[in-house]
Amino acid sequence: MFQSIERRPPDPILGLSAAYKNDTNPKKVDLGVGVYKDEAGSCPVMRAVKTAENTLWQTEDSKSYIAQAGPELFLKYTGELLLGADHAALKDKRAAVVLAPGGSGSLRVAAEFVARGAPNTRIFVSDPTWNNHLPLMSSAGLKLELYPYYDYASHKLSFDKMMHKLQDARQGDLVLLHGCCHNPCGADLSREQWQAVAEAAQRQGFTPFVDLAYQGLGDGLVEDVYGLRLLASTLPEVVVASSYSKNFGLYRERTGAVMIVAGTAAAAEAAGTQVVGTAREMYSVPPAHGAALVALVLDNPALRQEWDDELTEMRNRINGLRAALVAKLKSKGIARDFSFIQHEKGMFSFLGLTPEQVKKLVNDYSIYLVGSSRINVAGINKSNIGYLADSIVAVL
Ligand code: LMR
């Protein structure tokens, strides 16, 4: 059965971690996988999460299965974090929230749920997008359509081209949107642009599918869901896949959620049961640990504040690094303008290098980044920023 199976090449993003680990160059820099790093280059367990883990260790008295949809408090706080406690969709019980294994698990379950109800549904996906979006959507049976999103020459959104392509999207189609901190380019829709997308969805009838993996790492917890909240206020139906990997640092705990906003409470409730049923057929029940931590933190005002404070520190650090890299490159006297990096949001930006230049950075300078020249800004620190800037200048 397995005689003729071919070896699969390493994942273009996750594979970078192993390569970095095996590199013996003391100057090596890891700007690959999108995990938050502190000044010391570590991906820390957040302070409030550590405290919650202690509480959980003392109070958890069973490892029996949890409810299929996830713990009630987790679902309540996730809905509120995404939409705001006063949002009409929550008040009217038109939003079903279901715990799923991380952002990817949420994306896949949501896609699978839609595809089972409506096989061959088209999903419009930004070009570029996160590498894993395409297989996550297509292996669920959704049919991919790409819409232009980013202009590599000007480092700006191709908004007109995007909207032109989205004119093809109609009732029964999904449009996948990055809620904030676009992965990989860091260029987000402005408030006016979100408004235009909401109006197009209203006019044409397509359903937005919002991937929200970086809430709190762009401009703020509330600011980063401006677009989602607008869509959920103006449209009857929205699909959301959210993740606590980055904003709670719960990467390995696989903690995320699917949210289905529907036209009526009955429709939302029914959709929730279908999402749960879909998950049952894929992996049965969700992992408990991360969801329990999120609920403990968000349910305790002091812990919640501590989490919010640390998230703010993380966001400020990333934004500071963006400015510092731009300044450092400028100080090298090069002609190329990198100031766009300062205006982009979240963990990622493209450096705008060719594949050959990226290869040189990896092979000759031990600077690890995705082949598209995407960097994880959080991997920069005071001790590597000079070497990084010199190396970029050298490959240019
Ligand atoms: C990334 O884009 O680097 C992260 O979302 C990690 C991953 O799974 O690819």
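Residues numbered from 1 in each chain as written. Predicted model: local features only at pLDDT ≥ 70, side-chain atom pairs only at ≥ 80, totals over all residues. Heavy atoms only, no water.

A. Quick peek at the environment of arginine 254. Considering the arrangement of structural elements, one finds arginine 254 in the loop between strand E9 (238–243) and strand E10 (256–261). In this structure, the C-alpha to C-alpha distance between arginine 254 and serine 373, residues 119 residues apart in sequence, is 27 Å. Beyond its immediate stretch of four places on either side in the chain, arginine 254 contacts Ala100, Pro101, Gly102, Gly103, Ser104, Ser245 and Pro287. Looking at arginine 254, its side chain comes within polar contact range of the main-chain oxygen of tyrosine 251, at 2.9 Å. (Helix = DSSP H or I, 4+ residues; strand = E, 2+ residues; numbered from the N terminus. Contact = heavy atoms within 4.5 Å. Polar contact = N/O pair within 3.5 Å; in protein donor to acceptor, adjacent residues only side chain to side chain.)

B. Layout of the nonpolar core. Ranked by size, the top nonpolar core spans 134 residues in total, and within it Met162, Phe209 and Trp307 carry the most contacts. Top element by residues in this core is helix H12 (residues 301–331). It accounts for 9 residues. A domain-level breakdown of this core finds at least three residues from each of domain 1 (12–44 + 316–395) and domain 2 (65–299). Leave out the neighbours within four places in its chain, and methionine 162 touches Tyr147, Pro148, Tyr149, Leu177, Leu189 and Val197. (Core = buried A, V, L, I, M, F, W, Y, C linked by side-chain atoms within 4.5 Å. Buried < 20%, exposed > 50% of the residue type's maximum accessible area, 1.4 Å probe, protein only. Domains from an automatic or database assignment.)

C. Region of the structure containing the site of the ligand. Residues in close proximity to the ligand include Ile13, Leu14, Val33, Gly34, Trp130, Asn183, Tyr214, Lys246, Phe348 and Arg374, which together make up its full environment. Between the ligand and tryptophan 130 there is a distance of 3.0 Å, counted from an oxygen atom to a side-chain nitrogen or oxygen. About the coverage of the ligand: the protein hides 83% of its 260 Å² of free accessible area. Partitioned by chemical class, the residues of the shell around the ligand number 6 nonpolar, 2 polar and 2 charged. Of the domains in this structure, domain 1 (12–44 + 316–395) and domain 2 (65–299) are the two that each give at least three residues to the shell around the ligand. (Near = heavy atom within 4 Å. Areas by Shrake-Rupley, 256 points an atom, 1.4 Å probe, with all protein chains shown as cover. Nonpolar A, V, L, I, M, F, W, Y, C, P; charged D, E, K, R; others polar.)

D. Spatial organisation of a nonpolar patch on the surface. Residues Met1, Phe2 and Ile5 make up a contiguous nonpolar surface patch of about 450 Å² in total accessible area. As for its placement among the helices and strands, phenylalanine 2 is situated in the segment before helix H1 (15–22). Among the residues examined, phenylalanine 2 registers a relative accessible area of 60% and is labelled exposed. (Patch = residues over 30% accessible without salt bridge, like charges linked within 9 Å, V, L, I, M, F, W, Y side chains within 5 Å. Salt bridge = Lys/Arg side-chain N within 4 Å of Asp/Glu carboxyl O.)

E. Molecular detail of the sheet that holds strand E8 (residues 207–212). Spatially, 7 strands are ordered E2-E10-E9-E8-E7-E3-E4 in an open sheet, and the strand pairing comes out mixed. The sheet is open, and its two borders are formed by strand E2 (95–100) and strand E4 (143–148), each paired with just one other strand. Ignoring which end each strand starts from, the neighbouring axes of this sheet average 20° apart. The sheet contact formed by strand E7 (residues 174–178) and E8 spans 5 bridges and is parallel. By the bridge assignment, histidine 178 is partnered in E8 with aspartate 211. Most of the contacts of helix H10 (residues 265–282) go to E2, to which it runs at about 15°, and overall it touches E2 and E10. (Pairing = 2+ DSSP bridges. Axes fitted to C-alpha atoms, helices over the stretch in contact; angles between N-to-C directions.)

F. Spotlight on the packing of helix H8 (residues 191–204) against helix H9 (residues 226–234). Look at H8 against H9: their axes get within 10 Å of each other, and the N-to-C directions meet at 30°. By the angle between their directions, the pair H8 and H9 is classed as roughly parallel. Note on packing geometry: the crossing formed by H8 with H9 is right-handed. Here Arg191, Trp194, Gln195, Ala198 and Gln202 of H8 lie close against H9, whose contacting residues are Tyr226, Gly227, Leu230, Leu231 and Thr234. A per-class count over the contact of H8 with H9 returns 5 nonpolar, 4 polar and 1 charged. (Parallel < 35°, antiparallel > 145°, perpendicular 65-115°, else oblique. Left-handed = near helix turned anticlockwise from the far one by under 90°.)

G. The arrangement of the packing of aromatic side chains in detail. Within this structure, the stated rule accounts for 10 aromatic pairs. Between the aromatic rings of tyrosine 150 and tyrosine 152, the centroid separation amounts to 5.5 Å while the plane-to-plane angle is 90°, which identifies the pairing as edge-to-face. Judged by relative accessible area, which is 48%, tyrosine 152 ranks as partly exposed. On the numbers, 5.3 Å between centres and 90° between planes, the contact of tyrosine 244 with phenylalanine 248 is edge-to-face. For the pair shown, tyrosine 244 and phenylalanine 248 are each scored as buried. Here a set of aromatic residues connected by ring pairs shows up, and it is made of Phe74, Tyr244, Phe248 and Trp307. (Phe/Tyr/Trp six-rings, centres within 6.5 Å; stacked < 30°, edge-to-face > 60°.)

H. Structural context of the side chain of threonine 129. Take threonine 129: it is sitting in the loop between strand E3 (122–127) and helix H6 (133–138). Note on threonine 129: relative accessible area 10%, which makes it buried. One polar contact links threonine 129 to histidine 178, side chain to side chain, over a distance of 2.8 Å. Not counting residues within four places of it along the chain, the set of residues in contact with threonine 129 comprises Leu134, His178, His182, Asn183 and Pro184.

I. Examining the domain arrangement of the chain more closely. Each assigned domain of the chain is listed here: domain 1 (12–44 + 316–395) and domain 2 (65–299). Centre-to-centre, using C-alpha coordinates, domain 1 lies 28 Å away from domain 2. Ranking the residues of domain 1 by area buried against domain 2 places Lys345, Phe348 and Phe350 at the top, with a combined share of 38%. Viewed at the interface, domain 2 and domain 1 are joined by 1 salt bridge. In this structure, aspartate 219 and lysine 345 form a salt bridge, with 2.9 Å as the shortest nitrogen-oxygen distance. Looking at the side of domain 1 that touches domain 2, the elements that each hand over two or more residues are H12 and strand E11 (348–350). It is E11 that provides the largest number of residues to the side of domain 1 that touches domain 2, a total of 3 residues. Across the side of domain 1 that touches domain 2, the residue classes tally to 10 nonpolar, 5 polar and 3 charged. (Buried area = accessible area lost by both parts, 1.4 Å probe.)

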